[in-house]
Amino acid sequence: MANISEKLNEAFNIQIREELESGYIYLGMAAWFEERSLGNLATWFDKQAAEEFAHAMKLKSHILERGGSVHYQALAEQKQDWNSIMEIVEATLEHEQHITKKIIELYELAQDLKEYSSYPLLLWFIEEQVEEEDNASSLIDKLKGYKNDFNFDHHIERVEE
Ligand code: MG
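One numbering rule holds for all chains: residues counted from 1, following each sequence as written. In view of the model being predicted, local features appear only for residues whose pLDDT reaches at least 70, and side-chain atom pairs are presented and counted only at 80 or more, with totals across whole chains, interfaces and linings using the full set of residues. Side-chain figures throughout are based on the complete set of non-hydrogen atoms in the structure, without hydrogens or water.

How two aromatic rings sit relative to each other is given by the distance of their centres and the angle of their planes. Each pair of aromatic rings taken from Phe, Tyr and Trp, with Trp reduced to its six-membered ring, is defined by centres within 6.5 Å and is described as stacked if the planes are under 30 degrees apart, edge-to-face if over 60, and tilted in the remaining cases. Per the stated rule, a full pass over the model turns up seven aromatic pairs. Ring centres of Y107 and Y119 lie 5.3 Å apart, and the angle between their planes is 55 degrees; on these two criteria the pair is classed as tilted. Note that Y107 is positioned in helix α3 (residues 85-112) and Y119 in helix α4 (residues 119-145), a separation of twelve residues in sequence. Relative accessibility under 20% of the residue-type maximum defines a buried residue, over 50% an exposed one, and the middle range a partly exposed one, all with a 1.4 Å probe and only protein chains included. Using a relative accessible area of 17% as the deciding quantity, one classes Y107 as buried. Arranged with centres 5.4 Å apart and planes meeting at 65 degrees, the rings of Y116 and Y119 form a pair that is edge-to-face. Aromatic rings pair up to connect Y26, W32, F33, W44 and F45 into one cluster. Under the scheme used here, helices are H or I runs from DSSP no shorter than 4 residues and strands are E runs no shorter than 2 residues, and both carry numbers assigned from the N terminus.

What follows is the structure, given as structure tokens:
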């Protein structure tokens, strides 16, 4: 029996699409880097994409654990033509800020609906977004240090958390 409200269930399904689309955006960025033989950045963004898919799966499990139903919505084609590394890393930060806004809206909806059982998951996502925004900001800061140079790639390493 469903104990999650229809309204929150629907909002979670929308967030699943947001996470999958985030992954889709980062796959496109990774391919852009790989095409230019910027292997470390390509790996960084491929791993970022994998994280986004894991976020979608976390939401899926939560919906099902609460007796709801999962509906995978159609994904939109994402921007894949970029002019510079800086453009990509700035778009990354901007996108993560957008996702943070979406997560906060979800948390506010859960509060309005008194869906206490979803608070811990949403608080996890809120904390995760602090890290996501920080990661993107760090990329921008590092890139500024390398004057938007392709050598930047040699200084990128992604360590598994
Ligand atoms: Mg995410």
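Now that the structure has been shown, we can carry on.
As a further point, take the coordination of the magnesium ion. Note on donors: an N, O or S atom is included if it sits within 2.8 Å of the metal, or within 3.2 Å for Na, K and Ca, and water is never included, so sites can look incomplete. For the magnesium ion, the full set of protein donor atoms is E19 (OE), E52 (OE) and H55 (ND1), and the range of their distances to it is 2.1 to 2.2 Å. For the magnesium ion, all donor residues lie on one chain, and their spacing in sequence is E-x32-E-x2-H. Linking E19 in helix α1 (residues 6-35) with E52 in helix α2 (residues 39-65), this pair joins segments that are 33 residues apart in sequence. No difference in accessibility class separates E19 from E52, as the two residues are buried.

Here we take up the nonpolar core. With 24 residues, the main nonpolar core has F33, L41, F45 and I85 as its most contacted residues. Listed by contribution, the elements that provide at least two residues to this core are α1, α2, α3 and α4. Sort the elements by how many residues they give to this core and α1 lands first, with six residues. Any two residues whose heavy atoms approach within 4.5 Å are treated as being in contact. Those residues in contact with F33 that lie beyond four places of it in its chain are L38, L41, A42, F45, I85 and I88. In this text, buried Ala, Val, Leu, Ile, Met, Phe, Trp, Tyr and Cys residues form a nonpolar core when linked through side-chain atoms within 4.5 Å.

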